Amino acid sequence: MEPDDLVEVAPDILRLRLPMDEGIDHVNLYLVRDGAGWLLFDTGVDSADARACWERLLSGPLAGGLTRIVVSHHHPDHLGLARWLHERTGAVVYLRPEERDAADQTALPTPEAMDACRNYFGLHGMEAGDVTAITGDLLRRFLACDTRFQSRTLEHGEVLQVGRYRFDVLVQGGHSVAQFCLHEPTAGLLLTGDQLLERITPNLSLLPWGDRHPLRHYLASLEQIEALDLRCVLPAHHGVYAGGVARARGLIRHHERALERFRARLQPGMKAMDVATAVYGRRRDVLDRFLALTESLAHLQYLEEQSEISQGAEARWHPRHPVAASTTAVALTA
Ligand SMILES: [Zn+2]
């Protein structure tokens, strides 16, 4: 793959595909013509190759420079190069304060934050070796970003005029605490970041920081997206696609089916890590086990909020008895 794979995907909108070493092998960034320059949506992972690619672009096809940078959320393939690009181009950066905070928390900045993280994963049944790896340097290495730059924020419902386009700003929870998506109602375009991907389901994690109700917020976000005029989705991974409304409905069904599996596999007294293994199987990689655990916590919390299960002493989960059965039991003992 060429690092500077730059193609026009809509009038005055370019997709830049950059390679990545971890997980998915690429990330899509988008450039929207903004007067003489470009608004950039997401920045890519910070690496020497990516910086070299940007230098080539900024002295070639993107010589008009960057006017503004919208960082959809705090994960490194979106936020990673924001500081460098801001300093290199002088572009204004839009980043939600919740996302900045989540990025800073991911770096476990204080001994107290590290202790809280260690206790959280230990309490929910993560093996001691995994807890040490996660709180050692794994989170920091995979997820932490440099946020030492000035930024502004945008509000949900705000309008962003960019060249020929008038984008409505959406602020969406679930995958991250407050992810920006940009919807252009006239053209039916949606810049989604990771919120609505065609071939993969965005991870939803209940962590010691970030979104406090990831699954509830993600389902609410999908219901909002379902109501939009969507003819073309511009996602952070894989190709540009039509059928965004159908994809939003498919993702709602995906999580309904996942909740069914959680209901079926939960045995009284299980810790979240036991449930994660029962639902997803034993993962070989520590990062995958971490994701399975935090995604399980998001689903267990949702079932708890629906009063279907409860979390007892030592963070052990229990199905609640059906109302009819407990009524009968009361009647027999009365
Ligand atoms: Zn992400």
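Criteria and cut-off values
- Residues numbered from 1 in each chain as written.
- Predicted model: local features only at pLDDT ≥ 70, side-chain atom pairs only at ≥ 80, totals over all residues.
- Domains from an automatic or database assignment.
- Nonpolar A, V, L, I, M, F, W, Y, C, P; charged D, E, K, R; others polar.
- Helix = DSSP H or I, 4+ residues; strand = E, 2+ residues; numbered from the N terminus.
- Expected span 1.5 Å × (residues − 1).
- Bend = angle between axes of the 7 residues up to and from the residue.
- Buried ≥ 20, exposed ≤ 12 C-beta atoms within 10 Å, placed from the backbone.
- Contact = placed C-beta atoms within 7 Å.
- Axes fitted to C-alpha atoms, helices over the stretch in contact; angles between N-to-C directions.
- Parallel < 35°, antiparallel > 145°, perpendicular 65-115°, else oblique.
- Pairing = 2+ DSSP bridges.

Draft legend 1. How the structure looks around the domain arrangement of the protein. Here the protein is partitioned into domain 1 (5–102 + 144–245) and domain 2 (254–319). Residues that form the side of domain 1 that touches domain 2 fall into these classes: six nonpolar, four polar and one charged.

Draft legend 2. Structural context of helix H6 (residues 128–143). With 16 residues, H6 should cover 22 Å at 1.5 Å per step; its first-to-last C-alpha distance of 21 Å lies within 8% of that length. At Asp137, H6 shows its strongest bend, of approximately 50°. Within H6, burial applies to Ile134, Thr135 and Leu139. Those residues of H6 that are buried lie in contact with helix H4 (97–106), helix H5 (111–123) and helix H10 (286–305).

Draft legend 3. Quick look at H10. Look at H10: 29 Å from first C-alpha to last across 20 residues, which is about the 28 Å you get at 1.5 Å a residue. Every buried residue belonging to H10 is among Arg289, Phe290, Ala292, Leu293, Thr294, Glu295, Ser296, Leu297, Ala298, His299, Leu300 and Tyr302, and all of these are buried. On the buried face of H10, the contacting elements are H6, helix H7 (214–226), helix H8 (244–265), helix H9 (272–280), strand S13 (309–311) and strand S14 (316–319). Positioned one or two residues after H10, Ser307 has a phi angle of 60°, which is positive.

Draft legend 4. Inspection of the packing of H9 against H10 at higher detail. Two elements in contact, H9 and H10, have axes separated by 9 Å at closest approach and are oriented at 100°. With respect to their mutual orientation, H9 and H10 come out roughly perpendicular. Side by side, H9 and H10 meet where Ala272, Met273, Val275, Ala276, Val279 and Tyr280 of the first sit next to Ala292, Leu293, Ser296, Leu297 and Leu300 of the second. A class-by-class count of the residues in the contact of H9 with H10 yields 10 nonpolar, one polar and no charged.

Draft legend 5. Highlighting the pairing of strand S2 (residues 13–19). Looking at chain direction, strand S1 (residues 5–10) and S2 are connected through five bridges and run antiparallel. Following the sheet pairing, Glu8 is matched in S2 by Leu14. Following S1, the chain reverses through two residues before pairing antiparallel with S2; Asp12 in that reversal takes a positive phi of roughly 65°. Pairing of S2 with strand S3 (residues 26–34), which is carried by seven bridges, proceeds in the antiparallel orientation. Counterpart to Leu14 in the pairing with S3 is Leu31. The antiparallel pairing of S2 with S3 creates a hairpin that spans six residues between the two strands, and Gly23 there sits at a positive phi of about 65°.

Draft legend 6. Structural context of the sheet that holds S13. If you walk across this open sheet you meet the three strands as S12-S14-S13, and the pairing is antiparallel. Lying at the two open borders of the sheet, with one neighbouring strand each, are strand S12 (270–271) and S13. Across the face of the sheet, H10 comes into contact with S13 and S14 while running at roughly 115° to S13.

Draft legend 7. Geometry of the sheet that holds S1. Pairing in this open sheet of six strands is mixed, and the strands run S1-S2-S3-S4-S5-S6 from one edge to the other. Either end of the sheet is taken by a strand with one partner, and the two such strands are S1 and strand S6 (92–94). Strand-to-strand twist in this sheet, taken as the mean axis angle between neighbours without regard to direction, amounts to 25°. Pairing of S3 with strand S4 (residues 37–41) involves five bridges; the strand directions are antiparallel. Within S4, the residue paired with Asp34 across the bridge is Gly37. Of the strands in this sheet, strand S5 (66–70) and S6 touch helix H3 (residues 82–89), which is tilted by about 160° from S5.

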